[in-house]
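What the coordinates show
One letter stands for each residue in the lines below.
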Amino acid sequence: MTAGPDQPYTILQLTHLKRIGDICHRMVWPAQEIARRMPAWRVVNLTAEAEEHYRWAEAADLLVLSQSLDLDLLPVIERRHRKGLKTLVEYVDNFYDIPPASNAAGRLSTPLACQAYELILEACDAVIVTGPGLQRLLSGLCDVIENHWPQPLPSFESVWRAPGETFVVGWGGSAGHMADILAILPLLRRLAREEPRLRVHLMGDEALARYARIPPAQFHHRGWGDMEAYFQFLDGLHLGVVPLLDTPFNRCRSDIKAVEMIARGVLPLLPALPSYEGLLAAAGLEPYTDQQALARRIRFYLHHPEVLREEARRLHEYVRRERVITQRHERLELYRRMLPPRPGGEYWGLAPGYHEIPGTPMQETPSGRLLRRWAQVPPEHLPAALAEVSRAARHNPRHPDLALLELRLAQRAGRADWWERLAAARRRFPRDLRFELLALRSAPGENAPERDPERDLEPMWERLRQRLEALPPAHRDFYERDIVALLCQQLPQRPALAAVAERLLECYPAALPLRQQLALLYESLDEHARALHHFRELARAKRIWSKNAAYLTQVREDWLETWRLALAARVGEGNDPSDPA
């Protein structure tokens, strides 16, 4: 049975209500369109951090999550399954490799954040992504729903602005695009110098105005704003540039930036990346393949406005015909397939239609409150803490933080089955190296009466090292402090770990405490040449720090990495495997 327009279903989407691109294109405008088409439905956007969201999520006829990290939703999703109610989740970014300048870098790209994404993804009934890049990243087990323009397009003639005495090329984007635009600034600067008619308009971070170094008469910068401000900015362009470095994150972006430009009468110049394969093929256009090709295309359109107009018109017709939300039904059809045979009757006092509800601000998630409460447990409170955390872990067995805290408390309480519980948790959370580190901290010493091969330090450390090598660099770095501290503690008592420590230095070449422990170990074993090598490295690092301490403490790593990416692209080394970084 397919859910019809006259049945009073309730679709709840847990999201944010900021008027930024991803939220408008994915959560707001499609929801408004669905409510328009299905007049008896309630389509509700509720703030994901509202106190009400757990209760409402359990009762909704369909639950839609957006970029969720909330592991307290896992039991809710499971109870929905048992009642025959479905949950879908939507992802718009490659959360494994977020650009260093992005506001989400660090906070949402840790291995623990990625594990949370994966646990929610695995628990849901369907996954929506924005394009082929993310679909391939997630092994194809997704529904691709493209971004669309939110309203019917006017005629091309009503949005077309013919170049006159000036020809404007431009770009606007968020902080996550900084390396992309910095990479092509010298090209835009050179073109402005060589082409007096050319004007360059940029919208985004204030740093762009500092680094552009384009003559003021040919340059305009606008600070970032909401979606309406961005559309107004596009109205001043003739040619749009979409600069994307060939990175894992950019290969998973959607093509909405190009669709936005086209809808406002701007011809976008698109790179050869998966995001734009469908758009380019449908319009019969070729991508640019490098900066030299991009410069040639800009010059060509500058001197051939009739071709600019024709290609802009062709793309506008494609978007008007194929990429306007009022003409696309795939999201509605997916939602209809996932609804139960009959509505559940939970309306929360809302009339049919589209609703945005901030809700009551939630200070902490339930598990967050529990984890904070029992982060430090006095001995006299250990039984109560273990009992409460064990209940929470049984209620939400797929929550790794609860499982980890329960294990630590059980170890302190001397539970006889503690090691078996840890082994089960390591199997349940194979991506979470915190459980491996707990096992390493708890392995018996070298002189233990019985040696258990499963608890032998050397093989355990080697297995951990091999797993580290398979991780993305940012995920390896996340664990560095704990791994180095533990190995430094164990190395003096277990000299056989020296070989593992040397190999770990290949993962963590700047782990100076580990170098010191190795140097002192080699000295005690009369292996003076090895000790000398590490002491030389320590001395070199100390000299660098002594001379540059003030600078190194204030410079931001994301700033350095963004410039490294941009400059590597400028000299054609964007994916140079010899790059030590």
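Summarised in this report is the structure supplied together with it.

Criteria and cut-off values
- Residues numbered from 1 in each chain as written.
- Predicted model: local features only at pLDDT ≥ 70, side-chain atom pairs only at ≥ 80, totals over all residues.
- Heavy atoms only, no water.
- Pairing = 2+ DSSP bridges.
- Helix = DSSP H or I, 4+ residues; strand = E, 2+ residues; numbered from the N terminus.
- Phe/Tyr/Trp six-rings, centres within 6.5 Å; stacked < 30°, edge-to-face > 60°.
- Buried < 20%, exposed > 50% of the residue type's maximum accessible area, 1.4 Å probe, protein only.
- Lys NZ or Arg CZ within 6 Å of the ring centre and 35° of its normal.
- Salt bridge = Lys/Arg side-chain N within 4 Å of Asp/Glu carboxyl O.
- Contact = heavy atoms within 4.5 Å.
- Polar contact = N/O pair within 3.5 Å; in protein donor to acceptor, adjacent residues only side chain to side chain.

On to the sheet that holds strand E5 (residues 126–129). With parallel pairing, seven strands are arranged side by side in an open sheet as E6-E5-E4-E3-E1-E2-E12. Two strands bound the open sheet, and with one partner strand each, they are strand E6 (143–144) and strand E12 (353–357). Where E5 lies against E6, two bridges are found, and the strand directions are parallel. Opposite Ile128, over in E6, you have Asp143 as the bridge partner.

Under the counting rule described, the total for this entry stands at 16 aromatic pairs. Summarising the aromatic geometry, the rings of Phe95 and Tyr96 are spaced 4.6 Å apart at their centres and angled 40° between planes, so their arrangement reads as tilted. The exposure class assigned to Phe95 is buried, which follows from its relative accessible area of 3%. Classification of Tyr96 by relative accessible area gives partly exposed; the value is 21%. Ring centres of Trp418 and Trp419 lie 6.0 Å apart, and the angle between their planes is 55°; on these two criteria the pair is classed as tilted. Judged by its relative accessible area of 12%, Trp419 falls in the buried class. In textbook terms, an aromatic cluster arises when at least three aromatic residues are bridged by ring pairs, as seen for Trp29, Trp149, Trp224, Tyr230 and Phe231. Directly above the aromatic system of Tyr347 lies the positively charged group of Arg42, at a separation of 3.9 Å from the ring centroid. In this arrangement the basic side chain of Arg210 is found over the ring face of Tyr211, its NZ or CZ atom lying 5.2 Å from the centre.

Summed over the entire model, instances satisfying the criterion amount to 41 salt bridges. Residue Arg328 pairs with Glu330 through a salt bridge whose shortest N-O separation is 3.0 Å. Overall, the relative accessible area of 23% leaves Arg328 in the partly exposed class. Take Glu330: its relative accessible area is 25%, and that puts it in the partly exposed class.

Another aspect to go through is helix H9 (residues 227–234). In terms of residue burial, H9 counts as a mostly covered element, since six of its eight residues are buried. Considered for burial, the residues of H9 that qualify are Met227, Ala229, Tyr230, Phe231, Phe233 and Leu234. On its buried face, H9 is in contact with helix H1 (21–37), strand E7 (167–172), strand E8 (198–204), strand E9 (219–223) and helix H10 (256–263). The backbone nitrogen of Glu228 has a side-chain oxygen 3.3 Å away, supplied by the residue at the start of H9, namely Asp226.

The values reported here are purely geometric and, on their own, carry no functional implication.
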